[in-house]
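Observations on chain architecture
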Amino acid sequence: MTDETAAPAEKHVFQADVARLLHLMVHSIYSERDIFLRELISNAADACEKLRYEANSDSALTQDGEAFSIKVALDPEAGTLSVIDNGVGMNRDELNSALGTIANSGTRAFLEKMKVAENSPNAAELIGQFGIGFYSAFMVADRVVVETRRAGEETAWRWTSDGKGDYEVSPLPLGEAPARGSRVILHLNEESKEAYTKPYTIERLISEHSSAVATPIDLVEKPGEEPRRIGEGAALWAKNKSEITPEQYKDFYQNLSGQFDEPALTIHWKAEGRAEYTVLAFVPGSRPFDLFDPSRKGKAKLYSRRVLISKDADLLPGYLRFMRLVVDSPDLPLNVSRELVQQNAVYAAIKKGVANRLLQELTKLAENEPDKFDEVWKHFGAVLKEGLYEDPERRDALLKMARFATTEKPEGGRSLTDYVANLRPNQTAIYYIAGDGAERIAASPQLEGFRARGVEVLLLSDPVDAFWASSATGFDGKPFKSITQGSADIKDIEVTDESQKKDENPEASAKFVAAAKGVLESVVEDVRVSDRLSTSPACLIAPEFGLDLRLQQILASHGQAPDKAKPVLEINPAHPLVKALEARTGDQALFEDAVWLLFDEARLMDGEQPHDSSAFAARLIRVLGKAAGAQS
Ligand SMILES: Nc1ncnc2c1ncn2[C@@H]1O[C@H](COP(=O)(O)OP(=O)(O)OP(=O)(O)O)[C@@H](O)[C@H]1O
């Protein structure tokens, strides 16, 4: 016996967050308790994959020759269920850090989310997405014992807890310990005892939730019985497509992603040539919780001949990070560190090949099954659009599949190909307006002249839009043009809405514009007559060169304050107010107040504050007073 096995048991208190998680488990998400088995089997499979990897550089770790397997052992009399693996196991330090704290960032995110939705009906999905794993055992057990021995080590440990606040770690005599790996023994609570010691229930749960696990699973129905194989543990991706059922693909996806939805698209192929590799990839049916995580990391599982190299390889460009996939290549070296693998030439070739193929498949879906693709775009369009400025090489392919809300189709789903087919005579550009909130931008005065001419405008309300749209060169030979910047270029397009045809007096307008410019000189670059207004009296436009107004706003909301260029105020000469002001010469005070108010009103319509709030208030009161006939 070593000194350590003679040492007494150590008591530890759970980290505060673990205690909270355990409380939540038992009280809020109790109805989803079946999930515990999937979580424990997934940990057991991970432990096997970890050891398979480590054994590559140290074959002594698996010299006993025992094949990797997971056993689920039932003992109806004792009321226990055990999940036993011969994977990597844990030493004392690993045990303390893995099963006493919350090391996993997903679990932390889960706790945050549950703060908001304590009794959320979607708790099961949340559990799946955040992978709270091991602690879910306490939904069905009033005591959990983990007996574990790290492969290659001469000490073993027993971890015990009732999940109520603390846990104990004590040495486990080698005679009682597994040769390698872990036994997770659940002493089932009264409500769970019967259900989870019934072989057919367990078999059903395993086939529903764990059938795609890449390690064989055996069931021991009661003590002394021979193990019976119920999961073959074959890597699904290595099989022929024709041998795989849609159910199996779905199970695999759910295991891989931790989500409970149906995949929106399943892509499975084998590449041969410079690098040989197999890919099984899925577009999720809903948004994963960490889609907009600032790290923007993808989640590809990378294997070399079924040995897991990395659980979350950074294989995909950031804008494809929503995809879930497995890549297995015999050409990837196993004897270098995980970090170095990512600098390998074969890895680079795989990376390129995978991204190209995934985009091709998305394009195909957009062309052949537009309704299905619309759903994908609804969930992930905002992410895919990041590729428009990040990946110039694939920009055209991305533009082709992109879908937009437009003035013709505010609900979205419009492609640029359809937009271009709908160009009006003399229309030379693809027009867009970018900004916060689809409804707000759809109500922008800058759109009026375009609507009056039947010119379709893209309504871009994702924050990423202002970035790509200002750098993209065009589509199908037509440049993109912001309708809140520069001149409108739509004079030559015929007005289709008769009611919007203007009755103008160019001379009076020129005078009005010159005088208004004198008043607003300090705050605008120019004042001019507008082509783009039909019902509003005025609007603001960014000058031709410089940053688009909306891009300035978006940058400011991200804490970056670009040097703001002065805007241009455009006036609608056909508006009754402007006409009245043109006609009413001689009241300079009223004219100045009115011009300032027009300027501030245009700012308000753009979601900005008035230029000077107290001056704005004073002017408003003065003008209203005059209108009401108040004595000054
Ligand atoms: N059977 C096991 N063998 C070896 N280590 C294990 C086993 N079960 C759990 N662990 C360790 O405990 C840690 C915590 O497990 P838990 O299931 O809570 O989260 P996780 O598996 O890391 O996260 P996720 O569920 O997102 O994959 C694991 O990362 C692993 O280090």
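Residues numbered from 1 in each chain as written. Predicted model: local features only at pLDDT ≥ 70, side-chain atom pairs only at ≥ 80, totals over all residues. Heavy atoms only, no water.

The protein chain goes by Chaperone protein HtpG in an unreviewed UniProt entry, where it is assigned to Rhodoblastus acidophilus. In its Function (unreviewed entry) section, the UniProt record describing the protein chain reads: "Molecular chaperone. Has ATPase activity." (UniProt positions renumbered as here; feature names shortened; annotations may be inferred.)

**Here we look at helix 11 (residues 345-368)**
At 3.6 residues per turn, the α-helix brings residues three or four places apart onto the same side. Helix length check: helix 11 (24 residues) gives 35 Å between terminal C-alpha atoms against 34 Å at 1.5 Å per residue, within 8%. All buried positions along helix 11 are accounted for by Y347, I350, V354, A355, L358, L359, E361, L362, T363, L365 and A366. Sitting at the amino-terminal end of helix 11 is N344, which places a side-chain oxygen 2.7 Å from the backbone nitrogen of V346. (Helix = DSSP H or I, 4+ residues; strand = E, 2+ residues; numbered from the N terminus. Expected span 1.5 Å × (residues − 1). Buried < 20%, exposed > 50% of the residue type's maximum accessible area, 1.4 Å probe, protein only. Polar contact = N/O pair within 3.5 Å; in protein donor to acceptor, adjacent residues only side chain to side chain.)

**Describing the packing of aromatic side chains**
As enumerated under the stated definition, the model contains 19 aromatic pairs in all. Between F14 and Y135, the aromatic rings sit 6.4 Å apart at their centres with planes inclined by 85 degrees, giving edge-to-face as the arrangement. In this pair, F14 sits in the loop between strand 1 (10-13) and helix 2 (16-27) while Y135 sits in the loop between helix 6 (123-130) and strand 4 (141-149), placing the two residues 121 residues apart along the sequence. The exposure class assigned to F14 is buried, which follows from its relative accessible area of 5%. Between F252 and F282, the ring centres sit 6.2 Å apart and the planes meet at 35 degrees, which makes this aromatic pair tilted. Of this pair, F252 sits in helix 9 (residues 246-257) while F282 sits in strand 11 (residues 277-283), placing them 30 residues apart in sequence. Residue classification places F252 among the buried positions, given a relative accessible area of 5%. Each residue in the set F14, F134, Y135, W159 and Y167 is aromatic and connected to the rest through ring pairs, giving one cluster. (Phe/Tyr/Trp six-rings, centres within 6.5 Å; stacked < 30°, edge-to-face > 60°.)

**Quick word on helix 12 (residues 370-384)**
Between the first and last C-alpha of helix 12 there are merely 16 Å, a value that for 15 residues lags more than 12% behind the 21 Å anticipated at 1.5 Å per step. A bend of about 55 degrees at K378 is the largest found in helix 12. Every buried residue of helix 12 is listed here: F373, V376, W377, F380, G381, A382, V383 and L384. Residues of helix 12 that are buried in the fold lie against strand 11, helix 11, helix 13 (386-390), helix 14 (395-401) and strand 15 (403-406). (Bend = angle between axes of the 7 residues up to and from the residue. Contact = heavy atoms within 4.5 Å.)

**Thoughts on the confidence of the model for the protein chain**
Counting all residues, the mean pLDDT for the protein chain is 87, and 91% of those residues have values of 70 or more. Here the predicted complex scores 0.76 on pTM and 0.97 on ipTM. (pLDDT = per-residue confidence, 0-100.)

**Brief notes about the sheet that holds strand 3 (residues 80-85)**
What the nine strands build is an open sheet, ordered 1-6-5-4-7-3-2-8-9; its pairing is mixed. Of all strands in the sheet, those bounded by a partner on one side alone are strand 1 and strand 9 (228-231). On average, each strand axis in the sheet is inclined to that of its neighbour by 20 degrees, with strand direction left out of account. Across four bridges, strand 1 lies against strand 6 (residues 166-171) in antiparallel orientation. Each bridged residue has a counterpart across the sheet, and for K11 the counterpart in strand 6 is E168. With respect to the sheet, helix 3 (residues 35-57) is in contact with strand 2 (70-75), strand 3, strand 7 (181-188) and strand 8 (217-220), its orientation differing from that of strand 3 by roughly 20 degrees. (Pairing = 2+ DSSP bridges. Axes fitted to C-alpha atoms, helices over the stretch in contact; angles between N-to-C directions.)

**A short note on the layout of surface pockets**
Here the second largest pocket defines a volume of roughly 400 Å³. If you trace the second largest pocket, you find 20 residues lining it, with W377, R403, A405, E411 and G412 closest to the centre. Elements that contribute at least two residues to the lining of the second largest pocket include exactly helix 12, strand 15 and strand 18 (457-460). Here the element with the most residues in the lining of the second largest pocket is helix 12; it accounts for five residues. For the lining of the second largest pocket, a count of residues per class yields eight nonpolar, four polar and eight charged. (1 Å grid on protein atoms, 1.4 Å probe; cavity = no way out; pocket = protein on both sides within 12 Å on 5 of 7 lines; lining within 4 Å. Points joined across faces, edges and corners; volume = space filled by probe spheres on them. Nonpolar A, V, L, I, M, F, W, Y, C, P; charged D, E, K, R; others polar.)

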